[in-house]
Amino acid sequence: MRHVAVIGSGPAGYYSAEALQKIYGADVHVDVIDRMPVPYGLIRFGVAPDHQSIKAVYKRYEKVALSDNVRFVGNVTVGKDVAIDELQQLYDAVILATGAPNDRPVGIPGDDLPGVVGSAAFVGWYNGHPDFVGLAPRLDTPGAVVIGNGNVALDVARILSKTAHEFEGSDIVAGALDALQASAIRDIHVLGRRGPHQIAMTPKELGELGHLERAAPRVDPADLPPVEDDAALDPGLRKSVTILRDFAANPPVGDKPKTIDFDFFAKPVRIEGDGKVERVIVERTKLDESGRAVGTGETYAVECGLVVSCIGYRTPPIDGVPYDEDHGRFANDEGRIGDGLYCVGWARRGPTGTIGTNRPDGFAIADLIHADFGTALSRKSGRPGLDRLLDERQVDIVTFRDWQKIEAAEAERARDGSPREKFTYVEEMLRQLGIGRTT
Ligand code: NAP
């Protein structure tokens, strides 16, 4: 028998559990530990609420979670309720699948003004993450700036633009939906420090902006490289650039009250305002030979009261675990951090790739563990050891069956057409189970 603890119940965590099952069959016990009483990490709290088809991948994780040798251990915070080195004493392998939930700071003057939020916080807010339920982003202002040219920037611009009707069928939390419907935002600027050929936006997600009920995307044709240069792009990027060309060629249909302007070659250099955000000062850029953005010295101001930076994420460090500061992830060699300690997914490679990228990642880590341990007998206590420890510390574990009770309660109180109305406070989640918070 092999005992493995996976920390984090998002895609990387469950794909790792699934891969371990495939390799070891019944000879492995996997405990998937999460600080939340609810599973699925990024699927629940990161994937946009109007992208239910992407979220549906949870059904695959549910199958893994319900199998005999995989256990969900929710409501347990590693580093507080149990230390990493304690887990290492209890399990043959500990896999950090903690994702990258912290925002990379923008790092320009004024980025601490009220009205500036990171995408982890903003996305967490509309997705009902208990850490961000009280965010109250400034929406009583006509202008919003979204920094970044990746898919998260598209999510944020789209969510800021949609009508209540367009949110039908989504599981956006009621508080965010109400706030967004009352929002005054109508001029959204998406800032890319480089050009259309350097975007990290995928065609499906970019194309959605062309079909919004009340918002129209705008691209300045002058920013687009000669069309013949598109031939050198990989097919996905070429499709995205073609969509931008379409946005440029078909300026917004007249009566849409909101606009989403793509400002390319536009690097934010300063955020200004008297006690709160009033404008972003943007420097025009050009690309150097290596494709990097260099400032031209020419600046302009974008008036706004809200700034959402969507420039990537970092994995939170854990005491005693080697950390790669430059990349904001655990220091690792192909997923191996040290003896019996591994990382997977965004915690291993940084915040890139799709949800599906975590599947091969999970298999790679399971293979590595198998190679490291072979079939030698384990001398670790695994589950019973963890249960004893948490029991002594009076930590209430939330099991997968418990989660299913929370899930049923969320489904029951859902708006018409919505799959669930999430509980946004941990206490509310635990109340469904008749247990109090341990903190
Ligand atoms: P991303 O794809 O890495 O994009 C980050 C963007 O921020 C890039 O355009 C980058 O520009 C820009 N940036 C970085 N530092 C900056 C700075 N200091 N100033 C201005 N701009 C800066 O990251 P993401 O959008 O957070 O997405 C993370 C991952 O999740 C990606 O793999 C993404 O595809 C995935 N995702 C997928 C979906 C979906 O499939 N529906 C939805 C959301 C997220 P440079 O290129 O110049 O560095």
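Residues numbered from 1 in each chain as written. Predicted model: local features only at pLDDT ≥ 70, side-chain atom pairs only at ≥ 80, totals over all residues. Heavy atoms only, no water.

1. Describing the pairing of strand β9 (residues 215-219)
Link 1 in the chain: Buried residues dominate β9, accounting for four of its five residues.
Link 2 in the chain: Where β9 meets strand β10 (residues 258-263), five bridges bridge the pair, whose relative direction is parallel. Its bridge partner lying in β10, A216 is registered against T259. (Buried < 20%, exposed > 50% of the residue type's maximum accessible area, 1.4 Å probe, protein only. Helix = DSSP H or I, 4+ residues; strand = E, 2+ residues; numbered from the N terminus. Pairing = 2+ DSSP bridges.)

2. A word on the domain arrangement of the protein
Link 1 in the chain: According to the domain assignment, the protein consists of domain 1 (2-101 + 315-431) and domain 2 (102-309).
Link 2 in the chain: Computed from C-alpha atoms alone, the centre-to-centre distance between domain 1 and domain 2 is 31 Å.
Link 3 in the chain: Facing 28 residues of domain 1, the contacting portion of domain 2 comprises 25 residues.
Link 4 in the chain: A salt bridge links K162 to D50, with the shortest nitrogen-to-oxygen separation between them at 2.7 Å.
Link 5 in the chain: The interface formed by domain 1 and domain 2 holds 17 residue pairs in polar contact (both at pLDDT 80 or more) in total.
Link 6 in the chain: Elements with a contribution of two residues or more to the side of domain 1 that touches domain 2: α2 (42-45), α3 (52-55) and α15 (426-431).
Link 7 in the chain: A per-element tally of the side of domain 1 that touches domain 2 places α3 first, with three residues. (Domains from an automatic or database assignment. Contact = heavy atoms within 4.5 Å. Salt bridge = Lys/Arg side-chain N within 4 Å of Asp/Glu carboxyl O. Polar contact = N/O pair within 3.5 Å; in protein donor to acceptor, adjacent residues only side chain to side chain.)

3. Digging into the environment of S378
Link 1 in the chain: By the element assignment, S378 lies in the loop between α12 (358-373) and α13 (383-392).
Link 2 in the chain: Counting along the chain gives 26 residues from S378 to Q404, while the straight-line C-alpha distance between them is 32 Å.
Link 3 in the chain: Sequence-distant contacts of S378, that is, excluding residues within four places in its chain, are made with M1, R2, H3 and D92.
Link 4 in the chain: A distance of 2.9 Å separates the side chain of S378 from the side chain of D92, its partner in a polar contact.
Link 5 in the chain: A polar contact of 3.1 Å, which involves the side chain of S378, links it to the backbone nitrogen of K380.

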